[in-house]
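# What the coordinates show
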Amino acid sequence: MNIVIPDDYQDVVRQLSAFDRLSGHQVTLFNDTLTSLDAQVERFHHAEALVLIRERTRITRALLERLPKLRVISQTGGGVAHIDLEACREHGVTVLAGRGSPTAAAELTWALVLAAMRHIPEEVANLKAGRWQRTLGTALEGRTLGILGYGKIGARVARYGQAFDMKVLAWGREGSRERARQAGIEVVASQRELFERSDVLSLHLRLNEATRGIVGDDDLAAMKSSALLVNTSRAELIASGALESALRAGRPGMAAVDVFEQEPVVEDPLLHLPNVLATPHLGYVEKDGYELYFGDAFSNLIAFIEGQKIDDLAAQ
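Cut-offs and rules
- Residues numbered from 1 in each chain as written.
- Predicted model: local features only at pLDDT ≥ 70, side-chain atom pairs only at ≥ 80, totals over all residues.
- Heavy atoms only, no water.
- Core = buried A, V, L, I, M, F, W, Y, C linked by side-chain atoms within 4.5 Å.
- Buried < 20%, exposed > 50% of the residue type's maximum accessible area, 1.4 Å probe, protein only.
- Contact = heavy atoms within 4.5 Å.
- Pairing = 2+ DSSP bridges.
- Helix = DSSP H or I, 4+ residues; strand = E, 2+ residues; numbered from the N terminus.
- Phe/Tyr/Trp six-rings, centres within 6.5 Å; stacked < 30°, edge-to-face > 60°.
- Axes fitted to C-alpha atoms, helices over the stretch in contact; angles between N-to-C directions.
- Parallel < 35°, antiparallel > 145°, perpendicular 65-115°, else oblique.
- Left-handed = near helix turned anticlockwise from the far one by under 90°.
- Nonpolar A, V, L, I, M, F, W, Y, C, P; charged D, E, K, R; others polar.

## Considerations on the nonpolar core
In terms of nonpolar packing, the biggest core is built from 53 residues, with Val200, Leu220, Leu229 and Leu243 touching the most fellow members. Excluding residues within four positions of it along the chain, Val200 makes contact with Val113, Met117, Leu140, Thr144, Leu145, Gly146, Met166, Leu228 and Val230. Residues Leu22, Ala49, Val51 and Leu96 belong to the second largest nonpolar core, which totals 25 residues.

Quick look at the structure:
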């Protein structure tokens, strides 16, 4: 089968143990992302299968209409919000999805919390420039950690907070709140209360129509001037432009972000703010996680090629 894997930014897919599962097939990898429809068509025109790396490339109806050879899309991870499933169904394109892991994203979240609260990147830069001890960090012990979205990742981050002797609060949909209660986490009365009380507030929601823009100007303005907002989930959870405005106004006092509205980032106002710690969507970019994500995607694809019964999301 002619298989195309776009968006391998780090050129690491060939180095994974899981890549051996595609032996015997014609595999083409690309290390960049194209957004022009014509350019995407030219790149994918001969593909019978696409293996997508998370949500880096959107699969639209307009694109599918110009890819007559495409038979199957195998997704790394379980999220398919970037794929037009109805259009796939109409064009007879099977959509396969795999598992995800909360480990790498949760660990990256906590790395950002520690780095931001103790000003680690700034002090590393100071030391290399010959400057000694220019900032005053803030300890986590005794402070309040807010979790918006108590799912697999949010629950891990909550446990990290407890290990650092923080008070942990949670809010989210009813299922999220019930899981938090069962874990002994205090569930606040409203989203606004979560923002008001948290010293560190971390977002862990899936992006969908119900959660897009769920964090607005009023929520951010309710935060403490000393608080840190952390977003390793999706940039679109926050109303467009709201975080920049809030940070300029001083509430919250800091933000640590791993996600952006347009990726890869060429230019973003957040990158120029002194109270922002930013990383290039590293949450899931980790060796064990990649082996899991790509192992599932490649195994699902081989099962499809061999005619095995497998769940087609486009058919549901």
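Having seen the model, we can carry on.
## Regarding the sheet that holds strand E9 (residues 200–203)
Here 7 strands make up an open sheet; going across it, the order is E8-E7-E6-E9-E10-E11-E12 and the pairing parallel. With one partner strand each, in any of the chains shown, strand E8 (186–187) and strand E12 (276–278) form the two edges of the open sheet.

## Details of the packing of aromatic side chains
Under the counting rule described, the total for this entry stands at 7 aromatic pairs. Aromatic side chains Tyr284 and Tyr290 sit 6.3 Å apart centroid to centroid with 25 degrees between the ring planes, which places their arrangement in the stacked category. Of the two residues examined, Tyr284 and Tyr290, each falls in the buried class. Ring geometry for Phe294 and Phe298: centres 5.7 Å apart, planes at 45 degrees, overall tilted. A residue pair is termed a helical-turn pair when its members lie 3 or 4 positions apart in one helix, as Phe294 and Phe298 do in helix H11 (residues 287–305) at 4 residues.

## Digging into the packing of helix H4 (residues 103–117) against helix H6 (residues 152–163)
H6 packs onto H4 with a crossing angle of 40 degrees between their chain directions and a minimal axis gap of 9 Å. With respect to each other, H4 and H6 are oriented oblique. Crossing of H4 over H6 shows right-handed handedness. For the pair formed by H4 and H6, the contact residues are Thr103, Ala105, Ala106, Glu107, Thr109 and Trp110 on the first element and Ile153, Arg156, Val157, Tyr160 and Gly161 on the second. Looking at the contact of H4 with H6 residue by residue, the classes come out as 6 nonpolar, 3 polar and 2 charged.

## Concerning the pairing of strand E1 (residues 2–5)
Burial along E1 is two-sided: Asn2 and Val4 and Ile3 and Ile5, pointing in opposite directions, are all buried. Sheet topology places E1 next to strand E3 (residues 49–52); 2 bridges connect them, and they run parallel. Considered in E3, the bridge of Val4 is made with Leu50.

## As for the sheet that holds strand E4 (residues 72–75)
Judged by pairing direction, the sheet is parallel, and its 5 strands sit side by side in the order E2-E1-E3-E4-E5 without closing on themselves. A single partner strand is all that each edge strand has here, and the edge strands are strand E2 (26–29) and strand E5 (94–97). Direction aside, neighbouring strands of the sheet carry axes that sit 20 degrees apart on average. Examined bridge by bridge, E4 and E5 share 4 bridges and lie parallel to one another. Each bridged residue has a counterpart across the sheet, and for Ser74 the counterpart in E5 is Leu96. Along the sheet, H11 makes contact with E1, E3, E4 and E5, crossing E4 at roughly 155 degrees.

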